[in-house]
Amino acid sequence: MTTTPIRVAVTGAAGQIGYALLPRIAAGGMFGPDQPVILHMIEIPAEKPMEALRGVAMELEDCAFPLLQDMVCTSDLDEGFADVDWALLVGAKPRGPGMERNDLIKENGPIFTGQGKAIAKNAKGSCRTVVVGNPCNTNALIAAANAEGMPNTQFTAMTRLDENRAKAQLAAKAGVHHTQVTNMTIWGNHSATQYPDFENAKIGGKRATDVVTDRGWLEGEFIKTVQQRGAAIIKARGLSSALSAANGLVDHVHDLVTPTPPGDWRSVALCSDGSYGVPEGLISSFPVSVDAKGECKIVTGISLTDFGQEKIAASVAELEHERSVIADLLG
Ligand code: NAX
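Note on numbering: residues in each chain are counted from 1, in written sequence order. Note on the predicted model: pLDDT of at least 70 is required for a residue's local features to be given, and 80 or more for side-chain atom pairs to be given and counted; whole-chain, interface and lining totals, by contrast, use all residues. With hydrogens and water excluded, all non-hydrogen atoms of the structure serve as input to the side-chain values.

Asks: What is the right way to read the pattern of salt bridges from this model?
Replies: Side chains that carry opposite charge are capable of pairing whenever their charged atoms lie near each other. Should a side-chain nitrogen of Lys or Arg be within 4 Å of a carboxyl oxygen of Asp or Glu, the pair is scored as a salt bridge. Under the definition given, this model contains 15 salt bridges. Residue Lys-93 pairs with Glu-107 through a salt bridge whose shortest N-O separation is 3.0 Å. On the criterion of sequence distance, the pair formed by Lys-93 in the loop between β4 (86-89) and α4 (101-122) and Glu-107 in helix α4 is long-range, its members being 14 residues apart. Summary of the burial criterion: residues with accessible area below 20% of their type's maximum are buried, those above 50% are exposed, and those between are partly exposed, where the area comes from a 1.4 Å probe applied to protein chains only. By relative accessible area, Lys-93 is classed as partly exposed at 44%. Arg-165 is paired through a salt bridge with Asp-162; the nearest N and O atoms lie 3.6 Å apart. With Arg-165 and Asp-162 both in helix α6 (residues 160-174) and 3 residues apart, the pair spans about one turn of that helix. Residue Arg-165 shares its accessibility class with Asp-162, and that shared class is buried. One salt-bridge network, held together by shared partners, links Arg-160, Glu-163, Lys-167, Asp-251, Asp-255, Asp-264 and Arg-266. Where helices and strands are cited, they refer to DSSP runs of H or I of at least four residues and of E of at least two residues respectively, numbered from the N terminus.

Set out below in structure tokens:
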């Protein structure tokens, strides 16, 4: 193989999502069937996670993936992010019993100051960072703010899992295959305030609201099911979404390196340029398209009803609150 391998760092590599994600990357799901990769697998410097990581590396070895050229297993951020093209920040502390969202934000925030700095110091200048560890929008804001010298346009957070969840729910209601659902935007925060925009979604090329005419279901159960899907999975499985989260991340990165089909868009949480009234600088989810040159832009000109605007405003207010909680970490 003569193609230069892409170096991909994954934090929290011995965790649930890591376990479902790493084989997908190594099998070519993210960058295509001809693109070799080198995995930089990062864990916390403690015996148990590092030992678990050793086990994951042994399994990857035993898969004999043709595209996997090398692996780095480390708890050292300088080594972990050295020369990487992509930094996938999955590792974070889970929300403990009785823990408030504000506590989680404060607990996890400092992880992303250190990682943002280490990415700026060690990764390629063109490195693109995706945050999955929650609260992912605000953690992406922290990482970007601490990655001195790196444009904040290189930092995104994942709402692609939410987009996929919304598509699946709409398709089931309409009785069609989920590939028929397009133009599905998740607006705002990856949290229970996110707004899955059924008013601008399409089913089989028609307005979703002309196909699913039960407005009560769309405004009520549909939105709630998408917002609460993570909790429903925890209840059913006893563990949070991992397989679908890993898949969302594969889709997210794949879509950032592939031109978006004409007329469609994807949901990506990225740094707001003030579009749609979202305050500049917040990492909020938008409809996004990628052109043939690989340039990623917020899709403009989408019309929003009062209903949609109110939903977006509520989620953006939550993001502003989160930003105020970690203001001291933004440098
Ligand atoms: P796990 O608890 O299974 O694994 C997390 C791993 O991260 C552990 O192995 C831990 O040792 C490691 N870790 C913790 N701090 C680290 C650090 N500073 N550096 C490197 N590694 C570190 O969690 P998992 O189910 O894999 O979920 C990971 C994160 O994804 C959580 O924050 C979770 O809330 C978030 N999620 C985000 C989703 C999204 O759509 N954005 C959906 C799925 C998931 O809930």
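Asks: Help me understand the site of the ligand, please; the structure alone is not making it clear to me.
Replies: Residues in close proximity to the ligand total 23 residues, the closest being Gln-16, Ile-17, Glu-43, Asn-134 and His-190. For this analysis, a polar contact is any N or O atom pair within 3.5 Å, provided that within protein one partner can donate a hydrogen and the other can accept it, and provided that sequence-adjacent residues contribute only side-chain to side-chain pairs. Take Gly-12: an N or O atom from its main chain is 3.3 Å from a nitrogen atom of the ligand. In the model, an oxygen atom of the ligand is placed 2.9 Å from a nitrogen or oxygen of the Ile-17 main chain. A 1.4 Å probe and the Shrake-Rupley method give the accessible areas. Residues count as covered only by the protein chains that appear here. In isolation the ligand has 880 Å² of accessible area, and contact with the protein removes 84% of it. Counting residues per element, the ones that place at least two in the shell around the ligand are α1 (16-26) and α4. Residue polarity follows a fixed list, in which Ala, Val, Leu, Ile, Met, Phe, Trp, Tyr, Cys and Pro are nonpolar, Asp, Glu, Lys and Arg are charged, and the others, Gly among them, are polar. Residue composition of the shell around the ligand, by class: 12 nonpolar, 10 polar and 1 charged. One heavy atom within 4 Å of a molecule or strand is enough for the residue carrying it to be called near that molecule or strand.

Asks: Whenever I open this one, the pairing of strand β13 (residues 283-290) confuses me. Can you help?
Replies: Moving residue by residue along a regular strand, the side chains alternate between the two faces of the sheet. Counting buried residues in β13 gives 7 out of 8 residues, a clear majority hidden from the surface. Examined bridge by bridge, strand β12 (residues 266-271) and β13 share 6 bridges and lie antiparallel to one another. Bridging from a neighbouring strand, Ala-269 pairs with Ser-285 of β13. Only strands that DSSP links by at least two bridges are regarded as paired with each other. With 3 bridges joining them, β13 and strand β14 (residues 296-298) adopt antiparallel strand pairing. Each bridged residue has a counterpart across the sheet, and for Val-290 the counterpart in β14 is Cys-296.

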